[in-house]
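# Working through the structure, step by step
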Amino acid sequence: MGRKSNRFLILIATCSIAGVILGGTTSWASSNQCLQAKNVTSECLTQDPVTETIEGMSVGLLAGAGAAVGAAWQLRRKN
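This section reports on the structure supplied with the text.

Parameters and conventions
Every chain's residues receive numbers from 1 upward, in the order its sequence appears when written. Two thresholds apply to this predicted model, a pLDDT of at least 70 for residue-level local features and 80 or more for giving and counting side-chain atom pairs, whereas whole-chain, interface and lining totals are computed over all residues. With hydrogens and water excluded, all non-hydrogen atoms of the structure serve as input to the side-chain values. Secondary structure follows DSSP: runs of H or I at least 4 residues long count as helices, runs of E at least 2 residues long count as strands, and numbering of each begins at the N terminus. Note on classification: 1.4 Å probe, protein chains only; a residue is buried when its accessible area is under 20% of the maximum for its type, exposed when over 50%, partly exposed between these limits. Any two residues having at least one pair of non-hydrogen atoms within 4.5 Å are treated as being in contact. Lining residues are defined by having an atom within 4 Å of a point belonging to a cavity or pocket. Those points lie on a 1 Å grid over the protein atoms alone, cavities being sets where a 1.4 Å probe fits but cannot get out and pockets being open sets with protein on both sides within 12 Å along at least five of seven lines. Grid points are joined across faces, edges and corners, and a volume is the space filled by probe spheres set on the points. The classification used treats Ala, Val, Leu, Ile, Met, Phe, Trp, Tyr, Cys and Pro as nonpolar, Asp, Glu, Lys and Arg as charged, and all other residues, Gly among them, as polar. One fewer than the residue count of a helix, multiplied by 1.5 Å, yields its expected span.

## Describing the side chain of Thr 53
Mapping Thr 53 onto the fold places it in helix 3 (residues 49-78). Taking relative accessible area as the criterion, Thr 53 reaches 12% and is therefore assigned buried. In this structure Thr 53 touches Gly 24, Ser 27 and Trp 28, once residues within four positions along its chain are discounted.

Here you go:
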């Protein structure tokens, strides 16, 4: 693998990890806020917070990887 390939993979991994952390944190906070609301809905009670967090982490992973690919493509087009 060349140097550019390694940098590209590191960029994708870094953005994906950041997306997983942000997506998981956001989903966890949203589910906690839902449970602490004054008027708790039945939808809030039937959703598992762990499942919601995992879904948020997977969306964050895809968003981070997509952002990294988009940023790399934009830089490549610029040069």
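Now that the structure has been shown, the text picks up again.
## Considerations on the layout of surface pockets
In this structure, the largest pocket spans a volume of roughly 410 Å³. In terms of lining residues, the largest pocket is bounded by Lys 4, Ser 5, Arg 7, Phe 8, Leu 11, Val 69, Ala 72, Trp 73, Leu 75, Arg 76 and Asn 79. For the lining of the largest pocket, the secondary structure elements donating two or more residues are helix 1 (3-35) and helix 3. Tallied by class, residues from the lining of the largest pocket come to 6 nonpolar, 2 polar and 3 charged.

## Things to note about helix 1
Because each turn of an α-helix spans 3.6 residues, side chains separated by three or four positions end up pointing in the same direction. Here helix 1 contains 33 residues, and its C-alpha end-to-end distance of 48 Å stays within 8% of the 48 Å for a straight helix at 1.5 Å per residue. Those residues of helix 1 that fall on the buried side of the exposure criterion are Ile 12, Ser 16, Gly 19, Gly 23, Gly 24, Ser 27 and Ser 31. In the core, the buried residues of helix 1 are packed alongside helix 3.

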